[in-house]
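Below are the chains, spelled out letter by letter.
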Amino acid sequence: MDTATQATVRVRFFARYAELVGRSEAAVSLPLPATVGDVVRRVREDFPGASALPERPLAAVNLKQVKLDAHVQDGDEVALLPPIAGG
Amino acid sequence: MDTATQATVRVRFFARYAELVGRSEAAVSLPLPATVGDVVRRVREDFPGASALPERPLAAVNLKQVKLDAHVQDGDEVALLPPIAGG
Amino acid sequence: MRNAELNDMSYLTRTPISLDLLVAEVSSPACGGACVFLGTVRNGPDEQGVTAIEYSAYEEMVEAEFVRLLTDARARWPEARIAVRHRLGTIPVGEASIAIAAAAPHRAQAFEACRYVIEEVKRRVPVWKKELRVDGSEVWVDPSGRPTARPSHV
Amino acid sequence: MRNAELNDMSYLTRTPISLDLLVAEVSSPACGGACVFLGTVRNGPDEQGVTAIEYSAYEEMVEAEFVRLLTDARARWPEARIAVRHRLGTIPVGEASIAIAAAAPHRAQAFEACRYVIEEVKRRVPVWKKELRVDGSEVWVDPSGRPTARPSHV
């Protein structure tokens, strides 16, 4: 596949999500254009425990919260965040 | 004069008022019934610098703020308080 | 727990106030949040070369008024634990003249109780301030805001 | 002064937070009031034998989010000076997980800025809590409030 039409993103899992998936990160490749929602679907299909993740989790791209229809680029860091309980 | 119809109160001055009157306390005797307002009038007449006190200062009787029409009894402590600037 | 009343502890001090110690007085496993207010001596653009403020008080009434004030606050926020210290004497710019700590199960209560106490202190606790200025002058602070007598923090 | 940014200081720590030091970061002669909020680990009647909470975070994003959040706060209260520290790791009941100090010329600004920061932290700073209980169980705190997962302080 042409690399210009393909993106590899680093996906990070935190807290309860990291426990569910059994890992704290993964590399995911998918055809462009792609959204954060596409990354979530791919993760839920490809990793055993990940089917327990919500279909619409909170997500961040490159350290900033985004909606699931946000586009991803090659090299992005996509994070799936359990409900925030800071403070 | 019959002591039952006469009260002696301790009057205390604070901060700027103590500077104006040149003292921090005084004993004032006056016929009963008497109010805090009567005490203030007596103080403003009897003590040299006290005429510079306001006619209606903030006042407390026995550690509690009162209005000037509050009655005083023999032995009361009457305090004349400059505008409060606490905190 | 009513530390201040139980131990007959004074609400007044003439030495610098430790925040960590004040917070320790109110902390409890049942409290999830604590709000602290510190009033500090200011020399900002509204002041005229203030180096320190001399705080004086009707001390017996301050103690009585704090008991009443904290009783009122505890009636409004029964789960809150509140501690307060007012410093007297000459306090240099930048140091605290008053510290209030309010801990509560939920943070909204802590913020509200703390704010209530400082507002009431300003209104009813008999303390007075004299600004000491770099030019050697001394000016009584009039909280009603006359130009020559600005409050150090309002 | 933007201490945190200038010195590239972390908003995160793994050791107990000193309130007196945090307040020193924001104090200034121009400020007449400082408001501090402390979030502490709670074991109240709503909790089920909590002994400690284990705090974890998306640390790089926490740092980035605090920069954005404090930039927002400073835009709203330009005269305020704000410092914040969030503790991670295992924090015993009664100790602080977060401390926010906001100093300002006037006390209303200090209270408002401090309250804004804690509300925004709860909303957008990626930190998670796992309650450690006396019976040995461990439960992720779900801030949406499911029965088995109450927030430690809300």
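Description of the structure in this document.

Quick notes on the rules
- Residues numbered from 1 in each chain as written.
- Chains lettered and ligands numbered in written order.
- Predicted model: local features only at pLDDT ≥ 70, side-chain atom pairs only at ≥ 80, totals over all residues.
- Heavy atoms only, no water.
- Helix = DSSP H or I, 4+ residues; strand = E, 2+ residues; numbered from the N terminus.
- Rg over C-alpha atoms; globule rule 2.2 N^0.38 Å.
- Contact = heavy atoms within 4.5 Å.
- Areas by Shrake-Rupley, 256 points an atom, 1.4 Å probe, with all protein chains shown as cover.
- Lys, Arg positive; Asp, Glu negative; His and termini not counted.
- Charge placed at Lys NZ, Arg CZ, Asp CG, Glu CD.
- Buried < 20%, exposed > 50% of the residue type's maximum accessible area, 1.4 Å probe, protein only.
- Arc of directions from axis to C-beta.
- Polar contact = N/O pair within 3.5 Å; in protein donor to acceptor, adjacent residues only side chain to side chain.
- Least-squares fit on C-alpha atoms with pLDDT ≥ 70 in both.
- Pairing = 2+ DSSP bridges.
- Axes fitted to C-alpha atoms, helices over the stretch in contact; angles between N-to-C directions.
- Buried area = accessible area lost by both parts, 1.4 Å probe.
- Salt bridge = Lys/Arg side-chain N within 4 Å of Asp/Glu carboxyl O.
- Expected span 1.5 Å × (residues − 1).
- Phe/Tyr/Trp six-rings, centres within 6.5 Å; stacked < 30°, edge-to-face > 60°.

1. Focus on the overall build of chain A
For chain A, the count of helices and strands is two helices and seven strands. On C-alpha atoms alone, chain A measures out to a radius of gyration of 12 Å, which is about the 12 Å that the 2.2 N^0.38 rule sets for 87 residues. Taking the principal axes of the C-alpha coordinates as reference, chain A spans close to 40 × 25 × 20 Å. Considering only intrachain contacts with a sequence separation of at least 6, the fraction spanning at least 24 residues in chain A is 52%. Here chain A displays about 4,300 Å² of accessible surface, and carbon together with sulfur accounts for 48% of that area. Here chain A contributes 10 positive and 11 negative side-chain charges, whose respective centroids are spaced 6 Å apart.

2. Digging into helix H2 (residues 36-46) of chain B
Residue and element names in this part refer to chain B. Buried within H2 we find Val36, Gly37, Val39, Val40 and Val43. Down the axis of H2, the sector holding all buried residues measures 155°, keeping them to one side. With a side-chain oxygen positioned 3.3 Å from the backbone nitrogen of Gly37, the residue opening H2 is Thr35.

3. Concerning the relation of the copies chain C and chain D
Mapping chain C onto chain D calls for a screw motion: a turn of 180° about the axis and a shift of 0.0 Å along it, with 0.0 Å RMSD after fitting. The relationship between the two copies is best expressed as a two-fold rotation axis. Judged by C-alpha distance, Val36(C) is the residue of chain C that lies nearest the rotation axis, at 2.4 Å. Taken together, the interface assignments show that 100% of the residues at the interface of chain C recur at the interface of chain D, consistent with an identical surface on both copies.

4. Regarding the sheet that holds strand S6 (residues 96-104) of chain C
What the eight strands build is an open sheet, ordered S1(C)-S4(C)-S6(C)-S2(C)-S2(D)-S6(D)-S4(D)-S1(D); its pairing is mixed. For this open sheet the edge positions go to strand S1 (12-13) of chain C together with strand S1 (12-13) of chain D, each flanked by a neighbour on one side alone. Of the strands in this sheet, S1 and strand S4 (81-87) of chain C touch helix H3 (residues 59-76) of chain C, which is tilted by about 155° from S4(C). Sitting on the sheet, helix H4 (residues 107-124) of chain D is in contact with strand S2 (33-40) of chain C together with strand S2 (33-40), strand S4 (81-87) and strand S6 (96-104) of chain D, with an inclination near 150° to S6(D).

5. Some thoughts on the interface of chain D and chain A
How big an interface is tends to be stated in terms of the accessible area lost upon association of its parts. Chain D puts 28 residues into the contact, and the matching count from chain A is 18 residues. Between chain D and chain A, roughly 1,800 Å² of surface is buried when both sides are summed, and carbon and sulfur atoms account for 62% of that area. Among the residues of chain D in contact with chain A, Tyr58(D), Trp128(D) and Trp140(D) are the three that bury the most area, contributing 38% of the side total. Applying the counting criterion to the chain D and chain A interface returns two salt bridges. Residues Arg12(A) and Glu60(D) are paired through a salt bridge, measuring 2.6 Å at the closest nitrogen-oxygen approach. Our count for the chain D to chain A interface comes out at 13 residue pairs in polar contact (both at pLDDT 80 or more). Broken down by secondary-structure element, the contributors of at least two residues to the side of chain D that touches chain A are strand S3 (50-57), helix H3 (59-76), S6, H4 and strand S7 (127-133) of chain D.

6. A look at the interface of chain C and chain D
Each side of the interface is counted separately: chain C has 34 residues, and chain D has 34 residues. Taken over both partners, the interface formed by chain C and chain D buries close to 3,000 Å², and the fraction arising from carbon and sulfur atoms is 54%. Where chain C touches chain D, the interface holds two salt bridges. For the salt bridge of Arg107(C) with Glu119(D), the shortest nitrogen-to-oxygen distance reads 2.6 Å. Where chain C packs against chain D, one counts 16 residue pairs in polar contact (both at pLDDT 80 or more).

7. Describing H3(C)
Its 18 residues give H3(C) an end-to-end C-alpha distance of 26 Å, which sits within 8% of 26 Å, the value for a rise of 1.5 Å per residue. Listing the buried residues of H3(C) in full gives Met61(C), Val62(C), Ala64(C), Glu65(C), Phe66(C), Leu69(C), Leu70(C), Ala73(C) and Arg74(C).

8. Quick notes on the environment of Gly22(A)
Counting through the fold element by element, Gly22(A) comes out in the loop between helix H1 (15-21) and strand S2 (25-31). For Gly22(A) and Gly49(A), which are 27 residues apart along the polypeptide, the C-alpha to C-alpha distance reads 6.9 Å.

9. Focus on the environment of Ala26(A)
Residue and element names in this part refer to chain A. As for its position among the elements, Ala26 is in strand S2. Look at Ala26 and you get buried, because its relative accessible area is 6%. In this structure, the C-alpha to C-alpha distance between Ala26 and Arg12, residues 14 residues apart in sequence, is 6.6 Å. Not counting the four nearest positions on each side in its chain, Ala26 is found in contact with Val9, Arg10, Val11, Phe13 and Phe47.

10. Remarks on the packing of aromatic side chains
Tallying each qualifying case throughout the model produces 10 aromatic pairs over all chains. Taking 5.2 Å as the distance between ring centres and 40° as the angle between the ring planes, the aromatic pair formed by Tyr11(C) and Phe66(C) counts as tilted. Linking Tyr11(C) in the loop between helix H1 (3-6) and S1 with Phe66(C) in helix H3, this pair joins segments that are 55 residues apart in sequence. In terms of burial, Tyr11(C) and Phe66(C) fall into one category: buried. With a centroid separation of 5.4 Å and an interplanar angle of 10°, the aromatic rings of Phe37(C) and Phe111(D) are classed as stacked. Within this pair, whereas Phe37(C) is found in strand S2, its partner Phe111(D) is found in helix H4, the two belonging to separate chains.

11. Points about the pairing of strand S7 (residues 77-81) of chain A
Residue and element names in this part refer to chain A. When you tally the buried positions in S7, you get five out of five residues, the bulk of the element. Neither face of S7 is open: one carries Glu77, Ala79 and Leu81, the other Val78 and Leu80, and all of them are buried. Direction of pairing for strand S1 (residues 6-13) relative to S7: parallel, over a ladder of four bridges. Bridge assignment links Phe13 to a residue of S7, and that residue is Leu80.

12. Thoughts on the pattern of salt bridges
Taken as a whole and assessed by the stated rule, the structure comprises 38 salt bridges over all chains. Of the charged contacts in the structure, one is a salt bridge between Arg85(D) and Glu25(D), with a shortest N-O distance of 2.4 Å. Linking Arg85(D) in strand S4 with Glu25(D) in helix H2 (residues 19-26), this pair joins segments that are 60 residues apart in sequence. For the residue pair Arg85(D) and Glu25(D), the accessibility class agrees, reading buried in each case. Residues participating in the shared-partner salt-bridge network are Glu65(C), Arg68(C), Asp72(C), Glu120(C), Arg123(C) and Arg124(C).

Worth remembering: the numbers are spatial, not functional.
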